[in-house]
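# A structural walkthrough
As a plain string of letters, each chain reads:
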Amino acid sequence: MYNKIIDSLNKVQKEAVFYDGGSELVFAGAGTGKTKVLTSKIAWLLKEKHLYPNQIFAATFTKKAANEMRERVALAIGQSVEGLWIGTFHSLCSKILHIEADKLGFTRNFTIYDSSDQITLLKSVMKEINADESRYPPKSMLSVISSHKSRFELPDELFAKLNSYSDRKIIELYDGYQNALKRANAMDYDDLMLYTLMLFEKNKEILQKYQNFFKFILVDEYQDTNHVQFLLVQTLSGGKTPVFAVGDDDQSIYSWRGAQIENILNFAKHFPNTKMFKLEQNYRSTEQILNFANTMIDASVKKRSGKKLWTGTKNGSPVKVYNYSSDVQEAQRVCQEIIDAISNGHNPSEIAILYRTNAQSRLFEQNLQGKAPYVVVGGMSFYERKEIKDILAYLKFLVNPQDDISLLRILNVPARGIGATSQEKIVAAANEKGVTCGELLVSGQAQNLLTSKSASGAASLRKIIENLFELMKTATAKELIQQLLEETNYIKILLEEKSEEANERAENVKELVNAVSFWQMKNEDGGIADFIEEITLSSAIDETDGAAEAVNLMTFHTAKGLEFDKVFLVGIEDDILPSGLSRDDKQKVDEECRLFYVGITRARKELNCSFASRRMRFGGIKPMNPSPFLDKIPTSAYKMFNLSNEYDNFSFSQRNNAEIYSKKVFSYESKQKNDDFVEKRVYVADEYIGSANEKRLRAGVLVRHDKFGVGRVLSVNGFADAQQTTILFEGGVRKQLMTKIAKLEIL
DNA sequence: TTGTTTATTCTTTTT
DNA sequence: GAATAAACAA
């Protein structure tokens, strides 16, 4: 098998795999066999260089990629690769930290806080130091903190170079947040890497241990590494261990998460005697799709390493670009085409709908519902649901009793009479005594602080927790969660509500038990702590069942690394792609362009892009324009279909119906409410008409032409250079003009 | 203290 | 439109 795989490599791929002179950087364009090269390299190291699996450190971007590579390596060398250090930076660091936690003042069973835990914790810190939430929005504070962390900027140094009050408060928050995490024996995502790096910097013996341990370091998706990750690789390599980095600057789409595209562009400077390889032969897409991608990114992004993908695959079908009248029509048409394709024998799992934001999935789901199997990857995950987070909070507290965030979440869940006032009392007492809330509760001191009703609630929670602590010593993960549900009556209380929603929640909780059981079968000696860590470090893509035969719906970001025969890129509109929040910053716009590029290059055989002229956004219908990225592509690179004048009335009435149902107007009896309904309806219609009054060129707008004078636009067809405007001028003169040439002034 | 309704705010991407 | 916060009633 090994020889067969090596033989199937092309010339450059072979050179990269067999190179034996130190660090390497492989620029691997989309679909050029990146994973193949990585797995071949690992197989080569094991087979030809006789390394042990545990001497190889390989960082990937998702767990799914790691698993896939592990399997492929095992297949190639025909034996198990147990012990291979392969995973995301987060999970690899977590593995090291679990071993070395005590050197950093944590215990082995520290908790990893997810984003909602982070917000709760930060908010509690803000309360403590009197930071106003409207002035310091927790969410944006967290992103500031995160970017400091990803650049390895610690609170102490930041305090040293302060200049204004505002800065100081933010660093105080950062500092307070870090201390609170430590008190809770918890780390956030950034901490996993930050603390590993700090461990290596502080403790040279430990660093040497790992440096001697690893004989080869591989990093996938190198363009998406942040500064701390770069430092980790550099430190671990120590200038000696070869680093094999693979990446594509054209697919750098995570700068908002701290990724530095400079890492890949400056790789040769950072690692001595780097050998560079460029993979440019694409094995995935048709010539038409590649041409579409290449011309788009060539024209839009200047700062690139520069490479040109090419393919031997001719005879593909042209890329299609559709202009729809509305988001509703877009969803209907796209879904109908998919349904037809499936009935013509297409495999649903080879079809994908990709969009910029998760919110866009809804209309597509509605139109596929009951007509075609589909999966929505990402968005609100199963583990983010209230009921699941509740149960997990119990489990997290049991694993790490210092975890106050989890304790406060379950303090009154299910309701046991410990409201906001009681909770504040406990928190205040804990702060005063310098202990955790958990300690107060378990020791029984919490009860003494409270009024009789709340005190008995606290006592019953204490009892539950003590029982579970005891059970945890002997029970399996599955038994523990079952007993937990039993003692808290969680499911029973839900079922007593007798509402559809509560029933569904109860079902979800049962599903969690199933998930634990299933996991336990695969991880026989794993404890509940391992289960929790696995799900907190999983991404949406890891959770999806690859075997499911279903149409895939996901964001451009989530789609990175995947490929499908038939791809629909929807909502390719200005203000969505690029996002309105990126529009003013050239660097951000470039990243959005690369995001579009990532989307395009997911397609193997067929690519369809679409944009709508109107779209429901922020609770209203807004006029939309095609993405400026489409303008950059020569019209010869695709086939344009303008359907913006069809089905207008249909989408109109459907929207009004949606309005009626969403407001539940029919459920109101009173006359007054019915009047509201009428008003609402008029309002909706007004918005449609209102859109024409905006300073945009579309039907209804008054324009002035140098020669023909003032006229009213009847219709606008096509876009970019090919866009034509039909105008009825004063005196009944009707003209069809090329927008680009006829300098129209919008009145 | 708890559950419900109303008001307000904020709308990107995720390990 | 949705999620969250605030206000209110019980």
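Please read all numbers here as calculations on a predicted model, not as lab measurements. (Residues numbered from 1 in each chain as written. Chains lettered and ligands numbered in written order. Predicted model: local features only at pLDDT ≥ 70, side-chain atom pairs only at ≥ 80, totals over all residues. Heavy atoms only, no water.)

## Observations concerning the sheet that holds strand β6 (residues 216-219)
Here six strands make up an open sheet; going across it, the order is β3-β2-β6-β7-β1-β8 and the pairing parallel. Across the chains shown, the open sheet's two edge strands, defined by having one partner strand only, are β3 (85-88) and β8 (275-279). Pairwise comparison of adjacent strand axes, ignoring direction, gives a mean angle of 10° for this sheet. In the sheet, strand β2 (residues 56-60) pairs with β6 via four bridges, with the strands oriented parallel. The partner of Ile-56 across the bridge, within β6, is Phe-216. With respect to the sheet, helix α4 (residues 63-77) is in contact with β2 and β3, its orientation differing from that of β3 by roughly 155°. Sheet strands in contact with helix α5 (residues 89-100) are β2, β3 and β6, and its direction is about 125° off that of β3. (Pairing = 2+ DSSP bridges. Helix = DSSP H or I, 4+ residues; strand = E, 2+ residues; numbered from the N terminus. Axes fitted to C-alpha atoms, helices over the stretch in contact; angles between N-to-C directions. Contact = heavy atoms within 4.5 Å.)

## Some details on α4
Taking 1.5 Å of rise per residue, the 15 residues of α4 would be expected to cover 21 Å, and the 21 Å separating its terminal C-alpha atoms lies within 8% of that figure. Within α4, burial applies to Ala-66, Met-69, Val-73, Ala-76 and Ile-77. Here the buried residues of α4 occupy an arc of 95° about the axis, which is enough to place them on one side. Among the exposed residues of α4, those oriented more than 90 degrees off its buried face are Glu-71 and Leu-75. Among the structural elements, α1 (2-7), α3 (34-47), β2 and β3 are those in contact with the buried residues of α4. The first or second residue beyond α4 is Gly-78, which carries a positive phi of 65°. (Expected span 1.5 Å × (residues − 1). Buried < 20%, exposed > 50% of the residue type's maximum accessible area, 1.4 Å probe, protein only. Arc of directions from axis to C-beta.)

## Comments concerning unusual backbone geometry
The step from Val-413 to Pro-414 runs through a cis peptide bond, and the omega angle for that step is -5°. Take Pro-414: it is sitting in the loop between α19 (404-410) and α20 (420-433). Note the cis peptide between Leu-577 and Pro-578, where omega equals 5°. Position of Pro-578 relative to the elements: it lies in the loop between β13 (564-569) and α30 (586-600). We note that Asn-489 has phi near 60°; this positive angle belongs to a residue other than glycine. Turning to its location among the elements, Asn-489 is positioned in the loop between α24 (477-488) and α25 (490-497).

## What to know about the protein's contact with DNA strand B
In the vicinity of DNA strand B there are 22 residues, among which Arg-356, Asn-358, Thr-421, Ser-422 and Ser-539 approach most closely. For DNA strand B, the fraction of atoms within 4 Å of the protein that belong to sugar or phosphate moieties is 50%. Contacts to DNA strand B include Arg-257, whose side-chain N or O atom sits 3.4 Å from a sugar or linking oxygen. Secondary-structure elements contributing two or more residues to the surface near DNA strand B are α20 and α29 (556-559). Across the surface near DNA strand B, the residue classes break down as six nonpolar, 14 polar and two charged. (Near = heavy atom within 4 Å. Polar contact = N/O pair within 3.5 Å; in protein donor to acceptor, adjacent residues only side chain to side chain. Nonpolar A, V, L, I, M, F, W, Y, C, P; charged D, E, K, R; others polar.)

## Examining the pattern of salt bridges
Taken as a whole and assessed by the stated rule, the structure comprises 45 salt bridges. The partner of Asp-224 in a salt bridge is Lys-560, and the shortest N-O contact between them spans 2.2 Å. One end of the pair, Asp-224, is in the loop between β6 and α12 (227-237); the other, Lys-560, is in the loop between α29 and β13, with 336 residues separating them in the sequence. In this structure, Asp-224 and Lys-560 share a single accessibility class: buried. Residues Arg-304 and Asp-250 are paired through a salt bridge, measuring 2.7 Å at the closest nitrogen-oxygen approach. (Salt bridge = Lys/Arg side-chain N within 4 Å of Asp/Glu carboxyl O.)

## Observations concerning the nonpolar core
Ranked by internal contacts, the top residues of the largest apolar core, which has 49 residues, are Ile-391, Leu-395 and Phe-531. Looking at which element gives the most residues to this core, the answer is helix α18 (residues 386-399), with nine residues. Sequence-distant contacts of Phe-531, defined by excluding residues within four places in its chain, comprise Tyr-383, Leu-392, Leu-512, Ala-515, Val-516 and Trp-519. Phe-110, Leu-197, Val-219 and Phe-271 belong to the second-largest nonpolar core, a separate cluster that totals 45 residues. (Core = buried A, V, L, I, M, F, W, Y, C linked by side-chain atoms within 4.5 Å.)

## Examining the packing of α25 against helix α26 (residues 500-522)
Viewed as axis vectors pointing N to C, α25 and α26 meet at an angle of 160°, and their least axial separation amounts to 8 Å. In this view, α25 runs roughly antiparallel relative to α26, as classed from their interaxial angle. α25 and α26 meet at a crossing whose hand is left-handed. For the pair formed by α25 and α26, the contact residues are Tyr-490, Ile-491, Leu-494, Leu-495 and Glu-497 on the first element and Ala-502, Asn-503, Arg-505, Ala-506, Val-509 and Lys-510 on the second. Looking at the contact of α25 with α26, its residues break down into seven nonpolar, one polar and three charged. (Parallel < 35°, antiparallel > 145°, perpendicular 65-115°, else oblique. Left-handed = near helix turned anticlockwise from the far one by under 90°.)

## Considerations on the confidence of the model for chain A
Put simply, chain A has an average pLDDT of 85, and 88% of its residues get 70 or more. The spread of mean pLDDT over the elements of chain A runs between helix α33 (residues 671-693), the lowest at 31, and β6, the highest at 97. Low pLDDT, under 50, characterises residues 647-695; the predicted model gives this stretch 44 contacts beyond four residues in sequence or across chains. For the stretch residues 718-722, pLDDT sits under 50, and the model shows 15 contacts to residues farther than four places along the chain or on other chains. (pLDDT = per-residue confidence, 0-100.)

## A look at the packing of aromatic side chains
Overall, the coordinates contain 22 aromatic pairs when judged by the stated rule. A ring pair is formed by Phe-596 and Phe-629, whose centres lie 6.4 Å apart and whose planes are at 25°; its orientation type is stacked. Of this pair, Phe-596 sits in helix α30 while Phe-629 is found in helix α31 (residues 628-631), placing the two residues 33 residues apart along the sequence. Look at Phe-596 and you get buried, because its relative accessible area is 0%. Grouping aromatic residues by their ring pairs yields a cluster made of Phe-57, Trp-85, Phe-200, Tyr-210, Phe-213 and Phe-214. Its end group placed over the ring of Tyr-254, Arg-257 keeps NZ or CZ at 4.6 Å from the ring centre. (Phe/Tyr/Trp six-rings, centres within 6.5 Å; stacked < 30°, edge-to-face > 60°. Lys NZ or Arg CZ within 6 Å of the ring centre and 35° of its normal.)

## Let's talk about the environment of Ile-418
Turning to its location among the elements, Ile-418 is positioned in the loop between α19 and α20. Overall, Ile-418 belongs to the buried group, its relative accessible area being 1%. Each C-alpha atom of the pair Ile-418 and Arg-505 lies 23 Å from the other, and the pair is 87 residues apart in sequence. Leave out the neighbours within four places in its chain, and Ile-418 touches Leu-411, Asn-412, Gln-423, Ser-454, Gly-457 and Ala-458.

## Remarks on the packing of helix α16 (residues 327-343) against helix α17 (residues 361-368)
For the pair α16 and α17, the least separation of the axes is 9 Å and the interaxial angle reads 45°. Comparing the axis directions of α16 and α17 gives the class oblique. Relative to α17, α16 is oriented so that their crossing is right-handed. Across from Asp-327, Val-328, Glu-330, Ala-331, Gln-332, Val-334, Cys-335, Ile-338 and Ile-339 in α16, the residues of α17 making contact are Leu-363, Phe-364, Asn-367 and Leu-368. Grouping the constituent residues of the contact of α16 with α17 by class yields nine nonpolar, two polar and two charged.

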